[in-house]
Amino acid sequence: MKIAIVGTGYVGLVTGTCFAEMGTEVFCVDVNTEKIENLKKGIIPIYEPGLEDMVHRNQQAGRLQFTTDLTECLDEVEVLFSAVGTPPDEDGSADLKYVLEVARTVGRNMKKHILVVTKSTVPVGTAKKVRRAIQEELDKRGVEIEFDVASNPEFLKEGAAISDFMSPDRVVVGVESERAEELMTRLYRPFLLNNFRVIFMDVPSAEMTKYAANAMLATRISFMNDIANLCEIIGADVNMVRKGIGSDNRIGNRFLYAGIGYGGSCFPKDVKALINTAKQNNYPMRILQAVEEVNDEQKSLLFHKLEKHFNGDLKGKRIAIWGLAFKPETDDMREAPSLVLIEKLLAAGCEVYAYDPVAVEESKRRIGDVIHYAKDIYDAVVDADALMLVTEWKEFRMPSWSAIKKLMATPLVLDGRNIYDIKEMEENGFIYHCIGR
Ligand SMILES: NC(=O)c1ccc[n+]([C@@H]2O[C@H](COP(=O)([O-])OP(=O)(O)OC[C@H]3O[C@@H](n4cnc5c(N)ncnc54)[C@H](O)[C@@H]3O)[C@@H](O)[C@H]2O)c1
Ligand SMILES: O=c1ccn([C@@H]2O[C@H](COP(=O)(O)OP(=O)(O)O[C@H]3O[C@H](CO)[C@@H](O)[C@H](O)[C@H]3O)[C@@H](O)[C@H]2O)c(=O)[nH]1
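Just so it is clear, the model here is predicted, and its values are computed rather than measured.

Asker: Before we go on, may I ask you to explain the UniProt feature "domain: UDP-glucose/GDP-mannose dehydrogenase C-terminal" (unreviewed entry) in the protein in this structure?
Answerer: Those residues carrying the UniProt feature "domain: UDP-glucose/GDP-mannose dehydrogenase C-terminal" (unreviewed entry) are residues 320-422 in this numbering. In residues 320-422, helix accounts for 31% and strand for 17%; the two terminal C-alpha atoms are 20 Å from one another.

In structure tokens, the structure reads:
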């Protein structure tokens, strides 16, 4: 089968490459000429473990091609996935301009039946808009060509994107016709051999499933952050509480880690968009409003702990930050807690020395040289008045504390991800603050 993936961002590139790996012929399309030219040369625009090798392998096998011109492949493909961005509009709702632009391009150029599948995260009702946009273009051309639309939201996590896509807990597909269901079944059949489930449903339910899943996970995190903050006040340890409740099968032990708030390209944006969808339908999403509020405050928590330690006087303090990416195993800094922290530190007159194993280039692109970039974890802490752990990269887990103590001006560690042992840190001579313990 031949397919097109339109939008070669995180999702488009991973999805296209994984389909190619399973034997499908894939055309990855993007309007960003530089990105496509680089991809043709095998240069990958994102850091995602395992992706580069897989792209090269499938490119060499001729199953994975990159182009800026959708019309080049439209006649050849049976299924087209739209995986373009759906960034938040000013009011928090999902901006559908890229999704509808793809639909109009399809309508303007298609010559035969095609199944147009939306993989981007889009509000309920988007499939109808996609259908209408395609039909309007066909009407303008005065031609009658059959087509189908479907919804196939993506659940991959950055940093584990390949295994999430290749062995997903489930694949959710919203369809309106048998033809669409048959095409999607055929496309996902190689994955079915791995024994996972494709759940077919109506299109609005599929569109809603994506938002509900992200909103549920974000709710767990904000709930645990709220519990952590209370633990700290009353003298309980949130790590113990997490283990205590996570061992209940009905709760499960994943996504219960307290920290300095969720970031990334999805949770913040999707929680906002769902609140907005509800608002447009005169229904208040009270829980999600609280989830967002807790998360916004949590991103400032580490800064407030630092401020409290120095009695509000942070001017001229030299602060080391370990971790810039919104989570480990990615260079993505979209909505990263580090950005909120850095802004507050700079506003308070601090000097920031940051280290991240892969996100430095991305940070330079976003905030430039307003902070210093250290070459490793030890370089970052030289003469530092405090060390702040923001992203829990593996290489931060077992540092030489004796070396760090000698390098720092003040032995103060603020751990935003609860990765160190309180007793051990105190034995090593550090003043140690963490979250909810
Ligand atoms: N990033 C994730 O981990 C993730 C996971 C699941 C779902 N999603 C959802 O998937 C969608 C895409 O996310 P992303 O992070 O890959 O986005 P992204 O911003 O990284 O990439 C989007 C790409 O689409 C391209 N594009 C825009 N308009 C185009 C057009 N008309 N034709 C061709 N290409 C076009 C852009 O140039 C860009 O390369 C979003 O709706 C997101 O919410 C993202
Ligand atoms: O117990 C936890 C788990 C995560 N996080 C934070 O939550 C954010 C999101 O993490 P994660 O979900 O691992 O990353 P994403 O790549 O953003 O993936 C989410 O968003 C994607 C885009 O919609 C979905 O496809 C995925 O299923 C969903 O997990 C990060 O800032 C994490 O630090 C916590 O604070 N505590």
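Having seen the model, we can carry on.
Asker: Even after reading the chapter, I still don't get the domain arrangement of the protein, so can you show me in this structure?
Answerer: When the parts of a complex come together, some accessible area is lost, and that lost area is often used as the size of the interface. Here the protein is partitioned into domain 1 (2-199), domain 2 (211-297) and domain 3 (299-433). With centres defined by C-alpha atoms, the gap from domain 2 to domain 3 works out at 24 Å. Taken together, the contact pairs 16 residues of domain 2 with 14 residues of domain 3. Interface area lost by domain 2 to domain 3 is led by Ile 260, Gly 264 and Ser 265, which between them contribute 43%. Counting every contact that joins domain 2 to domain 3 gives one salt bridge. Among the salt bridges present, the one from Lys 305 reaches Glu 232, with a minimum N-O distance of 2.5 Å. The interface formed by domain 2 and domain 3 holds eight residue pairs in polar contact (both at pLDDT 80 or more) in total. For the side of domain 2 that touches domain 3, the secondary structure elements donating two or more residues are helix H9 (203-234), helix H10 (238-246) and helix H12 (286-298). Here the side of domain 2 that touches domain 3 takes three residues from H12, the largest share from any one element. In terms of residue class, the side of domain 2 that touches domain 3 is built from five nonpolar, eight polar and three charged.

Asker: For this particular structure, what's the right way to read the packing of aromatic side chains?
Answerer: Two aromatic rings, taken as a pair, are described by how far apart their centres are and by the angle between their planes. The full count for this structure, using the stated rule, is eleven aromatic pairs. Between Phe 19 and Phe 165 the ring centres are 5.3 Å apart and the planes differ by 80 degrees, which places this aromatic pair in the edge-to-face class. On the criterion of sequence distance, the pair formed by Phe 19 in helix H1 (residues 10-21) and Phe 165 in helix H7 (residues 161-166) is long-range, its members being 146 residues apart. According to the relative accessible area criterion, Phe 19 is buried, its value standing at 0%. Owing to a relative accessible area of 4%, Phe 165 belongs among the buried residues under this scheme. Judged by centre distance (6.3 Å) and plane angle (25 degrees), the rings of Trp 322 and Trp 401 are stacked. One end of the pair, Trp 322, is in strand E9 (residues 318-322); the other, Trp 401, is in helix H17 (residues 401-407), and 79 residues separate them in sequence.

Asker: What should I look at first to understand the packing of helix H11 (residues 267-280) against H12 in this one?
Answerer: The angle between the axes and the distance between the axes are what describe a pair of packed helices. Viewed as axis vectors pointing N to C, H11 and H12 meet at an angle of 145 degrees, and their least axial separation amounts to 10 Å. Taken as a pair, H11 and H12 cross one another with a handedness that is left-handed. Where H11 abuts H12, its residues Val 271, Lys 272, Leu 274 and Ile 275 lie against Leu 288, Gln 289 and Glu 292. Grouping the amino acids of the contact of H11 with H12 by side-chain chemistry returns four nonpolar, one polar and two charged.

Asker: Any chance you could explain the sheet that holds E9 here in plain terms?
Answerer: The six strands are arranged E11-E10-E9-E12-E13-E14 in an open sheet whose pairing can be described as parallel. Looking at the sheet topology across the chains shown, the edges are occupied by strand E11 (372-373) and strand E14 (431-433). Pairing geometry for E9 and strand E10 (residues 351-355), over five bridges, is parallel. Bridging across to E10, Arg 318 finds its partner in Glu 351. Of the strands in this sheet, E9, E10 and strand E12 (386-389) are in contact with helix H14 (residues 337-347), which crosses E9 at around 175 degrees.

Asker: Honestly, the site of ligand 1 in this entry has me stumped. Any pointers?
Answerer: For ligand 1, the set of nearby residues contains 26 residues, the closest of which are Val 11, Asp 30, Lys 35, Thr 86 and Lys 269. The backbone of Val 31 places a nitrogen or oxygen atom 3.4 Å from a nitrogen atom of ligand 1. Separating a nitrogen atom of ligand 1 from a side-chain N or O atom of Ser 265 is a distance of 3.3 Å. Against a free-state accessible area of 840 Å², the protein chains account for coverage of 87% of ligand 1. When contributions to the shell around ligand 1 are tallied by element, the ones reaching two or more residues are H1 and helix H5 (97-109). Per-element tally for the shell around ligand 1: the top contributor is H5, with three residues. Residues of the shell around ligand 1, tallied by class, amount to ten nonpolar, eight polar and eight charged. When we break the shell around ligand 1 down by domain, the ones giving at least three residues each are domain 1 (2-199) and domain 2 (211-297).

Asker: Can you walk me through unusual backbone geometry in this structure?
Answerer: Negative phi is the rule for most residues except glycine; trans is the rule for most peptide bonds. With a phi angle near 55 degrees, Asn 282 is a residue other than glycine that sits in the positive phi range. Following the sequence through the fold, Asn 282 ends up in the loop between H11 and H12. Phi angles above zero are rare outside glycine, and Glu 329 is one such case at about 65 degrees. Counting through the fold element by element, Glu 329 comes out in the loop between E9 and H14.

Asker: Quick question: what am I supposed to make of the nonpolar core here?
Answerer: One broad rule of soluble globular proteins: the nonpolar side chains tend to lie buried together. Judged by nonpolar contacts, the single largest core of 58 residues is most densely connected at Leu 306, Trp 322, Leu 345, Phe 396, Trp 401 and Tyr 420. For this core, the domains that each give at least three residues are domain 2 (211-297) and domain 3 (299-433). When residues no more than four places from it in sequence are discounted, the contact partners of Leu 306 are Leu 314, Ile 319, Leu 345, Ala 386, Met 388, Leu 412 and Leu 414. With 40 residues, the next largest nonpolar core counts Cys 18, Ile 44, Leu 115 and Val 171 among its residues.

Cut-offs and rules
- Residues numbered from 1 in each chain as written.
- Chains lettered and ligands numbered in written order.
- Predicted model: local features only at pLDDT ≥ 70, side-chain atom pairs only at ≥ 80, totals over all residues.
- Heavy atoms only, no water.
- UniProt positions renumbered as here; feature names shortened; annotations may be inferred.
- Helix = DSSP H or I, 4+ residues; strand = E, 2+ residues; numbered from the N terminus.
- Domains from an automatic or database assignment.
- Contact = heavy atoms within 4.5 Å.
- Buried area = accessible area lost by both parts, 1.4 Å probe.
- Salt bridge = Lys/Arg side-chain N within 4 Å of Asp/Glu carboxyl O.
- Polar contact = N/O pair within 3.5 Å; in protein donor to acceptor, adjacent residues only side chain to side chain.
- Nonpolar A, V, L, I, M, F, W, Y, C, P; charged D, E, K, R; others polar.
- Phe/Tyr/Trp six-rings, centres within 6.5 Å; stacked < 30°, edge-to-face > 60°.
- Buried < 20%, exposed > 50% of the residue type's maximum accessible area, 1.4 Å probe, protein only.
- Axes fitted to C-alpha atoms, helices over the stretch in contact; angles between N-to-C directions.
- Left-handed = near helix turned anticlockwise from the far one by under 90°.
- Pairing = 2+ DSSP bridges.
- Near = heavy atom within 4 Å.
- Areas by Shrake-Rupley, 256 points an atom, 1.4 Å probe, with all protein chains shown as cover.
- Core = buried A, V, L, I, M, F, W, Y, C linked by side-chain atoms within 4.5 Å.

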